[in-house]
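Structural features, examined
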Amino acid sequence: MDVGLVGQPNVGKSTLFNALTLLHVPMAPYPFTTVEPNRGVSHVRVPCPHPELGRPCQPGNAPCEGSVRWVPVQLVDVAGLVPGAHQGRGLGNRFLDDLRQAEGFLQVVDLTGATGPEGNRSAPHTFDPSEAVRFLEEELVLWLAEVLGRQWEKLSRSAELTGTKTDELIAGRLAGLGFTLAQVQGTIRQSALDSSHPSRWEAGTLTALARTLITTHRPRWVVANKADESTPPEAEKLRHDLGPLPVSPASAEVELTLRRADQAGLVQYRPGDARFTRVRPDALSAGQARALDGIDRFLSLWRTTGVQESLEGLVFTGLQRMVVFPVEDENHWTDSKGRVLPDALLVPRGTTARQLAYRVHTDLGEGFLRAIDARRKRTLGADHPLEPGDVIRVISHR
Ligand SMILES: Nc1nc2c(ncn2[C@@H]2O[C@H](COP(=O)(O)OP(=O)(O)OP(=O)(O)O)[C@@H](O)[C@H]2O)c(=O)[nH]1
Ligand SMILES: [Mg+2]
């Protein structure tokens, strides 16, 4: 699963990407700094069950710090999106194609209102960040409608002749974009369309379908960036203007400074924390001390940098993911090599015992007999839905 970082040029997507991944991709105060997509790994936090066991864990994929497991999530940072991108403006379609695998979006906007639709910079309050959010939705919808509409007349007519079902026709066209047949079926049902005669659909029908698909199946979380140059009432106004869409005021720049300072041993800071500590205050240069004082003021005003909570909001609430811990021994919570709680897997909420088995290994899914809830020492059937944080052993005849 990918999380896409999207938004207009120059709003701070790459800064956010660097903060979340601690990589070093170019960031600059002008539009289209990013052309090729940047890929990297970030992490979301969940409690680690090892304290319940009374033994330390030996993580393979998701590091444990204190009792917090940092579970990996793939991120993709793409070029800025300008109006008309779906018709190829700016870096247009290429940008959109880079997002094919993204199941959810962190949408970055400039909360100060100083960045225009083309990434041009003006005085604060020149632009309305809520417009940027609406415009992005529109571009995504038009892009999807455009993909669907290619040769629609010809294809829909031939589907009617050959008896191909409309949902299968559409799902086939969208398979490369990560939409499933079930999602397409649900959308067609919801829109009450006559699926026996798709060639007679009106011009706007595909756009309406694309809109439902995007708004229902591509969750977005708005990162109201550059909060360090803005105020809480402005963030409140944006929240109000965007209605049910979740908005987190954030400063990618502050988060990046803190993570790099932590990496350099100047401070101790864990992403998402409301405070940091200076490791050796006397060793800081005057410039560093001033920058950290500024960050103290930022955190007392905003509480956190908003970066970690945006990603976690999107992953856990927007994308409805949860973390489970597969093991091979339900008493010691170990794998076959005796490692305690080696894996932490990010899976959709409602994942069943058998689906988890498949996720671990196809053989384990195919030979599924039963699972054991290692915490409660209870047997679980194939269709039993797992809960966040479950420690699960799968028993399989393969
Ligand atoms: N004040 C402030 N400036 C920021 C913040 N995040 C990014 N910036 C600045 O915004 C400018 C653009 O940052 P980038 O990260 O390159 O923006 P982008 O959205 O990736 O831009 P493109 O790749 O050109 O689309 C740079 O000058 C950053 O230093 C922030 O949280 N606060
Ligand atoms: Mg960039």
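In this text, all values refer to a predicted model and were calculated from it rather than measured experimentally.

Our next topic: the site of ligand 1. Taken together, 23 residues lie near ligand 1, and Lys13, Thr15, Phe32, Thr33 and Asp228 sit nearest. In the model, an oxygen atom of ligand 1 is placed 3.5 Å from a nitrogen or oxygen of the proline 29 main chain. About the coverage of ligand 1: the protein hides 93% of its 650 Å² of free accessible area. Put simply, ligand 1 lies in the largest pocket. Breaking the shell around ligand 1 down by element, the ones donating at least two residues are helix H1 (13-21) and helix H10 (252-263). Among the elements that take part in the shell around ligand 1, H1 stands out by supplying three residues, more than any other.

Attention now goes to the coordination of the magnesium ion (ligand 2). Donor atoms from the polypeptide that coordinate the magnesium ion (ligand 2) comprise Ser14 (OG) and Thr34 (OG1), at 2.0 to 2.2 Å from the metal. Of this pair, serine 14 sits in helix H1 while threonine 34 sits in the loop between H1 and strand E2 (38-47); the two residues are 20 residues apart in sequence, bridging distant segments of the chain. On the basis of relative accessible area, serine 14 is assigned to the buried category, the value being 9%. The exposure class of threonine 34 is buried, given its relative accessible area of 9%.

In this structure the tally under the stated criterion is one cavity of 30 Å³ or more. Approximately 60 Å³ is the volume found for the largest cavity. Around the largest cavity, the lining residues are Leu99, Arg100, Ala102, Phe105, Leu140, Trp143, Leu177, Phe179, Ile214 and Arg218. If you list the elements that add at least two residues to the lining of the largest cavity, you get strand E5 (102-110) and helix H4 (129-149). Class assignment for the residues of the lining of the largest cavity results in eight nonpolar, no polar and two charged. When residues are assigned to domains, the lining of the largest cavity turns out to be shared by domain 1 (2-37 + 78-142 + 219-315) and domain 2 (150-217), each giving three or more.

All right, on to the domain arrangement of the protein then. Annotation of the protein at the domain level lists domain 1 (2-37 + 78-142 + 219-315), domain 2 (150-217) and domain 3 (322-396). Put simply, the middle of domain 1 and the middle of domain 3, counted by C-alpha atoms, are 36 Å apart.

Our focus in this paragraph is the pattern of salt bridges. What the rule picks out here adds up to 19 salt bridges. Among the salt bridges present, the one from arginine 278 reaches aspartate 296, with a minimum N-O distance of 2.6 Å. Linking arginine 278 in strand E9 (residues 277-278) with aspartate 296 in helix H11 (residues 286-302), this pair joins segments that are 18 residues apart in sequence. As a salt-bridge pair, aspartate 373 and arginine 376 come within 2.6 Å of each other at their nearest N and O atoms. By relative accessible area, which is 45% here, arginine 376 ends up partly exposed. A single salt-bridge network, built from bridges that share partners, covers Glu137, Glu138, Arg211 and Arg220.

Quick look at the layout of surface pockets now. Looking at the largest pocket, its volume works out to about 410 Å³. In terms of lining, the largest pocket is formed by 27 residues, of which the most central are Asn10, Gly12, Thr15, Ala28 and Lys226. With three residues, the top contributor of residues to the lining of the largest pocket is H1. Of the residues that constitute the lining of the largest pocket, the class distribution is eleven nonpolar, nine polar and seven charged. Here the second largest pocket defines a volume of roughly 330 Å³. Along the wall of the second largest pocket there are 16 residues; nearest its centre are Leu22, Glu65, Trp70, Arg259 and Pro271. If you list the elements that add at least two residues to the lining of the second largest pocket, you get H1, E2 and H10.

Procedures and definitions
- Residues numbered from 1 in each chain as written.
- Chains lettered and ligands numbered in written order.
- Predicted model: local features only at pLDDT ≥ 70, side-chain atom pairs only at ≥ 80, totals over all residues.
- Heavy atoms only, no water.
- Near = heavy atom within 4 Å.
- Polar contact = N/O pair within 3.5 Å; in protein donor to acceptor, adjacent residues only side chain to side chain.
- Areas by Shrake-Rupley, 256 points an atom, 1.4 Å probe, with all protein chains shown as cover.
- 1 Å grid on protein atoms, 1.4 Å probe; cavity = no way out; pocket = protein on both sides within 12 Å on 5 of 7 lines; lining within 4 Å.
- Sits in = over half its atoms within 2 Å of the grid points.
- Helix = DSSP H or I, 4+ residues; strand = E, 2+ residues; numbered from the N terminus.
- Donors = N, O, S within 2.8 Å, 3.2 Å for Na, K, Ca; no water.
- Buried < 20%, exposed > 50% of the residue type's maximum accessible area, 1.4 Å probe, protein only.
- Points joined across faces, edges and corners; volume = space filled by probe spheres on them.
- Nonpolar A, V, L, I, M, F, W, Y, C, P; charged D, E, K, R; others polar.
- Domains from an automatic or database assignment.
- Salt bridge = Lys/Arg side-chain N within 4 Å of Asp/Glu carboxyl O.

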